[in-house]
Amino acid sequence: MKRRSPVFRKIEERAARVVSILILTVSLGAMLGIIGTTLIRGLPVLSWSFITQPSKPYGIESSGIANAFQGTLYITAMATLITLPLAVLGGIWLAEFGRNSRLGNAIRFCANVMMGIPSIITGLFIYAVWVVPTGHFSGFAGSLALGIIMFPIVLRTTEDMLLLVPDSLREASLALGMNRVRATLQVVCRSAKSGLITGILMAFARVSGETAPLLFTALWSNSWCGHYFSGPTANLPVLITEYTTNSPYEAQHAAGWGAALVMMIVILALNLLVRYFFTERKA
Amino acid sequence: MTIDTLFRRLCFTCAILLPVLLLCIFASLAFHSTQAWKTFGFSFLFSTDWDPMTDKYGAFPSIVGTLATTGIAMIFAVPLSFMTAFYLSDIPRHSSAPLSAGLDLLAAIPSVIYGMWGLFVLVPFMQTKIQPFIVHTLHLKNCPLIGGEYNGFGCFTAGIVLALMVIPFISAMMRDVFMMTPPLLKESAMGIGCTRWETARDIVMRYGLRGLVGAVFIGLGRALGETMAVLFIIGNTMTIPKGIFGSGTTIAATLANHFAEADGLLKSVLFALGIILLILSFTVQILTQYFLNRAKAKRGER
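Thresholds applied
- Residues numbered from 1 in each chain as written.
- Chains lettered and ligands numbered in written order.
- Predicted model: local features only at pLDDT ≥ 70, side-chain atom pairs only at ≥ 80, totals over all residues.
- Heavy atoms only, no water.
- Helix = DSSP H or I, 4+ residues; strand = E, 2+ residues; numbered from the N terminus.
- Rg over C-alpha atoms; globule rule 2.2 N^0.38 Å.
- Contact = heavy atoms within 4.5 Å.
- Areas by Shrake-Rupley, 256 points an atom, 1.4 Å probe, with all protein chains shown as cover.
- Lys, Arg positive; Asp, Glu negative; His and termini not counted.
- Charge placed at Lys NZ, Arg CZ, Asp CG, Glu CD.
- Buried area = accessible area lost by both parts, 1.4 Å probe.
- Salt bridge = Lys/Arg side-chain N within 4 Å of Asp/Glu carboxyl O.
- Polar contact = N/O pair within 3.5 Å; in protein donor to acceptor, adjacent residues only side chain to side chain.
- Nonpolar A, V, L, I, M, F, W, Y, C, P; charged D, E, K, R; others polar.
- Axes fitted to C-alpha atoms, helices over the stretch in contact; angles between N-to-C directions.
- Left-handed = near helix turned anticlockwise from the far one by under 90°.
- Expected span 1.5 Å × (residues − 1).
- Bend = angle between axes of the 7 residues up to and from the residue.
- Buried < 20%, exposed > 50% of the residue type's maximum accessible area, 1.4 Å probe, protein only.

Visitor: What exactly am I supposed to notice about the overall build of chain A here?
Guide: The helix and strand inventory of chain A stands at 12 helices and 0 strands. Taking 2.2 N^0.38 as the reference for a compact globule, 283 residues should give roughly 19 Å; the C-alpha atoms of chain A span a radius of gyration of 24 Å, well beyond that estimate. The contacts in chain A between residues at least 6 apart in sequence include a share of 73% that link residues at least 24 apart. Surface summary for chain A: the accessible area is close to 12,700 Å², and the carbon and sulfur share equals 67%. Across chain A, the mean location of the 22 positive side-chain charges is 10 Å away from that of the 12 negative side-chain charges.

Visitor: Is there a simple way to think about the interface of chain A and chain B in this case?
Guide: How big an interface is tends to be stated in terms of accessible area lost as the parts join. Listed as interface residues are 76 residues of chain A and, on the opposing side, 76 residues of chain B. Across the chain A/chain B interface, buried area totals approximately 7,100 Å², and carbon plus sulfur atoms make up 79% of it. The tally of links between chain A and chain B comes to 2 salt bridges. Connecting chain A to chain B are 12 residue pairs in polar contact (both at pLDDT 80 or more). Of the residues forming the side of chain A that touches chain B, the biggest block, 20 residues, is contributed by helix α1 (residues 6-42) of chain A. Residue classes in the side of chain A that touches chain B are distributed as 49 nonpolar, 18 polar and 9 charged.

Visitor: How do you make sense of the packing of helix α7 (residues 183-191) of chain B against helix α8 (residues 196-207) of chain B when you look at a structure like this?
Guide: Working note: a packed helix pair is described by the angle between its axes plus the distance between those axes. All names here are of chain B. It is at 10 Å that the axes of α7 and α8 come closest, and there the two elements cross at 140°. α8 is crossed by α7, and the crossing has right-handed handedness. Along its contact with α7, which presents L185, K186, A189 and M190, the element α8 presents R196, T199, I203, V204 and Y207. Of the residues assigned to the contact of α7 with α8, the class counts are 6 nonpolar, 1 polar and 2 charged.

Visitor: What should I look at first to understand helix α3 (residues 66-97) of chain A in this one?
Guide: Along its 32 residues, α3 of chain A runs 45 Å from first to last C-alpha, staying within 8% of the 46 Å computed at 1.5 Å per residue. Along its length, α3 of chain A shows its largest kink, about 35°, at T83 of chain A, and proline P85 of chain A lies within four residues downstream of that point.

Visitor: Help me understand unusual backbone geometry in this model?
Guide: It is generally the case that most residues other than glycine have a negative phi and that most peptide bonds are trans. All names here are of chain B. Although it is not a glycine, D55 sits at a positive phi angle of roughly 55°. Mapped onto the elements of the fold, D55 is located in the loop between β1 (50-51) and β2 (56-57). The backbone of N236 shows a phi angle near 55°, a positive value even though the residue is not glycine. Within the secondary structure, N236 sits in the loop between α10 (228-231) and α11 (251-258). Residue classification places N236 among the partly exposed residues on the basis of a relative accessible area of 28%.

Visitor: For this particular structure, what's the right way to read the environment of V230 of chain B?
Guide: Residue and element names in this part refer to chain B. Topologically, V230 is positioned in helix α10. Here the alpha-carbon distance between V230 and G159, two residues 71 residues apart in the chain, equals 8.1 Å. Setting aside residues up to four positions removed in sequence, V230 forms contacts with A158, L162 and T250.

Visitor: Which parts of the structure should I look at to understand the environment of P232 of chain A?
Guide: With respect to the secondary-structure elements, P232 of chain A resides in the loop between α10 (212-215) and α11 (236-245). Taking C-alpha positions, P232 of chain A is 14 Å from P213 of chain A, a pair spaced 19 residues apart along the chain.

Laid out in structure tokens, this is it:
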């Protein structure tokens, strides 16, 4: 090996440290920049009417984002409702019945791959299998698209959390004469409860900011969400997209920042909640 | 049939639903894009046409744009993430924990907000400060990849936003790789007089190479399919970008832009683009899993 002078190595070490501190500052600075910009530009728009009034076409006074917020809530809640039982049961199969089996590994592999598939593709898929046959865009189609994104996430976290439960607990409950269903649901799932909640909240937070899958499914509208199953449904991410890219008006850009601020606060709050649960579990 | 068998079968049905869904996604995109493949054949991949009047379409500009933005993003993100992970694993836990938490929050910000920030803050900044500096002050306008034209939008700016988006993901995974290197190895390196940087470069990087590559591929997969952040910034012209500052489009941005108004052949073409993107990211994901599993196997051998 070539000898290198200690001076050079010392300088290299210092340089690496300085550069890494610099880089961390830049990436955290960018984060603060993004959050800061959203705060600065979004705060002036926030008012009581902004969060209680539905959005209106440009030029009408007292336009708000309440309908979009309601729509986002409907769409993500429905996505969670549809996906949750399926994904949790699937996760239970992987952790309890399909452990180390070839099929189990294949399914786990599929789930990992599916987590990385671009979200816009799920929008395309739901457009093809739901929007085209039913003949109209709908909030429900948006829920389906988000549900597909949630499915592998919740499935894998369920599996991981259940695997953390020691086998002795399973054996003990079976030895007491419980059947597998009760042992799984009442003992194993219960002791993994906070982990499961963490996973679900994480998936919820992740999809509530997704925009791309909603572009071709839920679309967007100015009304309240009366047509959740049968017509375009307002939602925050697409509202932001519309106001930022398709509008020449300053007022709508500002409203877009306001909406972005509301969405960011909700999502960051959800994430902090997840962290809270997670540290609870560790303690 | 006992309740246990019933439960087991129910769970199995739910689990098997996932691969079925994956197959369905492939099948439906393939089915809806048949018209495009029949009309253009495989030359569709390399054709640069995009003319709704004569119904001639090609995927090449979108593919080039996708690869260019992803490439630029990775050039920035990989070294930056490595250094971030190096620093985070090196400092004491009580000071690294809040910084890691900050990075995790950065990963949670929705991509549409990155897009907005890019459009309203980064694009003007690039247009008035960075790009003039590179083109005029550094006199790089004759450099073939750069070119003298710029307007703030384009692949370069989009790549930077993508890099910011994927850094938290890559650096979090790389930090885990740093942490999982056996302490004995690191301590031995320190013991024979290696500096921290030499330990990171010669021991951790060699030991956890597969894990690091897996982390890079995770970021790559995210950058490849990202829609909103790119859509706002790329410029959305259906041409091959003239240089790194040139406007262009990516597959995801093309889909988002044209899908709502398209019908007939154009719709089929967009589905064809969709399946190209799906196959690209599918390949990346499989490579990711391969490297991560190899990394896991290596840790298991110990």
